[in-house]
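Here are the chains, one letter per residue:
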Amino acid sequence: MKLTLASFLTLIAGVTVLADHFVVVPFINKTASTFIQWSVMLSAFSTALGGANILAVHTKRMSGKSANRGLSALLLGSMVTWLVIGLKLGMESQVYKFIWDNVYGSLSSTLFALNAFFVASAAYRSFRIRGIDTVILLVTACTVMLGRTGLGEAIYPGMPQVADWLMRVPNTAGMRGITIGGALGAISVSARVILGLERGYGGSERGMGVSGYDL
Amino acid sequence: MSRDPGIWTAALLTIVVWSYLFKQNILFQAVEHLFVGIAAAHAMTVAFTNLRDTCLGPALMGDWAMTVPLLGGLLLYARFLPKISHLSRIPLAFVMGTAAAVVIRGSLGPSFIQQVAGTIIPLTSPDNVILVVGTVTTIAYFLFGRKSRSGMMDHAARLGRYIMMAAFGAAYGNTVMMRMSLLIPRIRLVFGDWLGLLP
């Protein structure tokens, strides 16, 4: 295992925050909470980094001969305008609230609701009975959907109870097994990150792949 | 018909999004880009407001501990300068270390210990038996340590797969109903609040 400055920092930060969970030592507890606070702030900086990336990509697209340069202009225009409104007038201002409620809120819920149509067509493709697995999938999905509507109760009065049981027992059992497996996976990957065995997040092994420095 | 400009805006945008169900079109693409622009701007506004209140303000007031994330945050932008781009790995490595430890802390309690504890229940009812057997067999399905399964392990893994299919089916049904509950207010907005066709 090669110890570089980056992996050393990862190790120190990781071990301190982890130790804070298990021991009551004022110095460690205070340092860990400071580290977490710093990380939250650094994450906020990275949000602006994402914005800067959007700016760079779409400015390049606008300056080229791309057929979508009008769309890029719209994206950048809306982003810059709303950013200026947010920073200049504040998030509590009337204009900000109007856009939030009627444009952002409206678009986000409609785009999510659009999935209702696409999951139906996806279900048609994936629920074609090919074996016992798909039969179980189809029966439980239909029972839960019918149990959540008046139609299911009209067909069979006990349908809502069956749907509730499916959610409470087999769904809990399956999801619990997956959660435990996922937790073990998350713990092992996080431990690899802290120990410096997993360094894919930093780009290529040789610095950022540009400068050739290895930190 | 409504005279509220807010309802007009929301209803027209809703109709443009629905137009995608017919086919991909330029209006939908425009609205999609508008959404991404607004979402990015909102995220940056929130981030900047938080930084101003918790980092920049205290740093300017003389809180030296806050200059560390300030410098680290600026180092993140070094990736745009090829000669010093490698420096952006320093704050990133720090955040990854902290985040990894926070993930371990979060996964240990609610996602592992509490789930295991919740499975250690008396086998006094059919529901409890299904819950315990279902959880254990689902985990058995994910045991890839041995190259080939045989006997009990094979049966357990197969039962685990069936339990997972039941869980996925139930989760799918629930997701569809959740999406429907988002769709209904949009229909009410267009046909009720905007056009006034619904009581």
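Because the structure is predicted, anything quoted here is derived from the model rather than measured.

Examining the overall build of chain B
Each helix and strand counted, chain B has 6 helices and 0 strands in total. For chain B, the sequential pattern of α-helices and β-strands runs α-α-α-α-α-α. For 199 residues, the compact-globule estimate of 2.2 N^0.38 gives 16 Å, and the C-alpha radius of gyration of chain B, at 27 Å, exceeds that figure by more than 25%. Its C-alpha atoms give chain B principal-axis dimensions of about 65 × 60 × 35 Å. Counting over 199 residues, chain B shows a buried share of 34%. In chain B, once contacts between residues fewer than 6 apart in sequence are set aside, the share between residues at least 24 apart is 26%.

Quick notes on the overall build of chain A
Within chain A, the secondary structure is distributed over 8 helices and 0 strands. For 215 residues, the compact-globule formula gives about 17 Å, and the C-alpha radius of gyration of chain A, at 25 Å, lies well above that figure. Principal-axis analysis of the C-alpha atoms gives chain A an extent of 65 × 50 × 40 Å. The buried share of chain A, reckoned over its 215 residues, is 33%.

Some thoughts on the packing of helix α2 (residues 26-63) of chain A against helix α2 (residues 26-60) of chain B
Where α2(A) meets α2(B), the axes come as close as 9 Å, and the angle between the chain directions of the two elements is 145 degrees. Where α2(A) crosses over α2(B), the two elements pack in a sense that is left-handed. When α2(A) is examined against α2(B), the residues M41(A), A44(A), T47(A), A48(A), G50(A), G51(A) and I54(A) are found in contact with a partner set consisting of A40(B), A43(B), M44(B), A47(B), F48(B), N50(B), L51(B), T54(B) and C55(B). Looking at the contact of α2(A) with α2(B) residue by residue, the classes come out as 11 nonpolar, 5 polar and no charged.

What about the interface of chain A and chain B?
Across the boundary between the two partners, chain A contributes 100 residues, which contact 100 residues of chain B. Counting residues per element, the ones that place at least two in the side of chain A that touches chain B are α1 (5-22), α2, α3 (69-88), α4 (94-126), α5 (132-147), α7 (159-168) and α8 (170-194) of chain A. Residue contributions to the side of chain A that touches chain B peak at 21 residues, all from α8(A). Residue classes in the side of chain A that touches chain B are distributed as 66 nonpolar, 30 polar and 4 charged.

Some words on the nonpolar core
Ranked by internal contacts, the top residues of the largest apolar core, which has 52 residues, are M41(A), M79(A), I38(B), A41(B), M96(B) and A100(B). The residues touching A41(B), leaving out its near neighbours within four places in the chain, are M79(A), W82(A), L83(A) and G86(A). Of all hydrophobic cores here, the second largest spans 29 residues; its members include M167(A), M175(A), I139(B) and Y141(B).

Focus on the environment of P91(B)
Looking at the secondary structure, you find P91(B) in helix α4 (residues 89-119). Residues P91(B) and P69(B), 22 residues apart in the sequence, show an inter-C-alpha distance of 8.3 Å. Beyond its immediate sequence surroundings of up to four residues, P91(B) is in contact with L42(A), G72(B), G73(B), L75(B) and L76(B).

Section: the confidence of the model for chain A
On average, residues of chain A score 86 in pLDDT, and 92% of them reach the 70 mark or higher. Within the model, pLDDT remains below 50 along residues 205-214 of chain A, and this stretch shows 24 contacts once partners closer than five positions in the same chain are excluded.

Description of α5(A)
Helix length check: α5(A) (16 residues) gives 22 Å between terminal C-alpha atoms against 22 Å at 1.5 Å per residue, within 8%. For α5(A), the set of buried residues is I136(A), L137(A), T140(A), A141(A), T143(A), V144(A), M145(A), L146(A) and G147(A). In this structure, the buried side of α5(A) is in contact with α6 (150-155) and α7 of chain A together with α6 (152-194) of chain B.

Considerations on the confidence of the model for chain B
On average, chain B scores 89 in pLDDT, and the residues at 70 or more come to 96%. Two numbers describe this predicted complex: its pTM, 0.79, and its ipTM, 0.78.

Quick notes on the environment of G150(A)
Locating G150(A) in the fold gives a position in helix α6. Distance in space between the C-alpha atoms of G150(A) and G181(A) is 37 Å, their sequence separation being 31 residues.

Analysis parameters
- Residues numbered from 1 in each chain as written.
- Chains lettered and ligands numbered in written order.
- Predicted model: local features only at pLDDT ≥ 70, side-chain atom pairs only at ≥ 80, totals over all residues.
- Helix = DSSP H or I, 4+ residues; strand = E, 2+ residues; numbered from the N terminus.
- Rg over C-alpha atoms; globule rule 2.2 N^0.38 Å.
- Buried ≥ 20, exposed ≤ 12 C-beta atoms within 10 Å, placed from the backbone.
- Contact = placed C-beta atoms within 7 Å.
- Axes fitted to C-alpha atoms, helices over the stretch in contact; angles between N-to-C directions.
- Left-handed = near helix turned anticlockwise from the far one by under 90°.
- Nonpolar A, V, L, I, M, F, W, Y, C, P; charged D, E, K, R; others polar.
- Core = buried A, V, L, I, M, F, W, Y, C linked by C-beta atoms within 7 Å.
- pLDDT = per-residue confidence, 0-100.
- Expected span 1.5 Å × (residues − 1).

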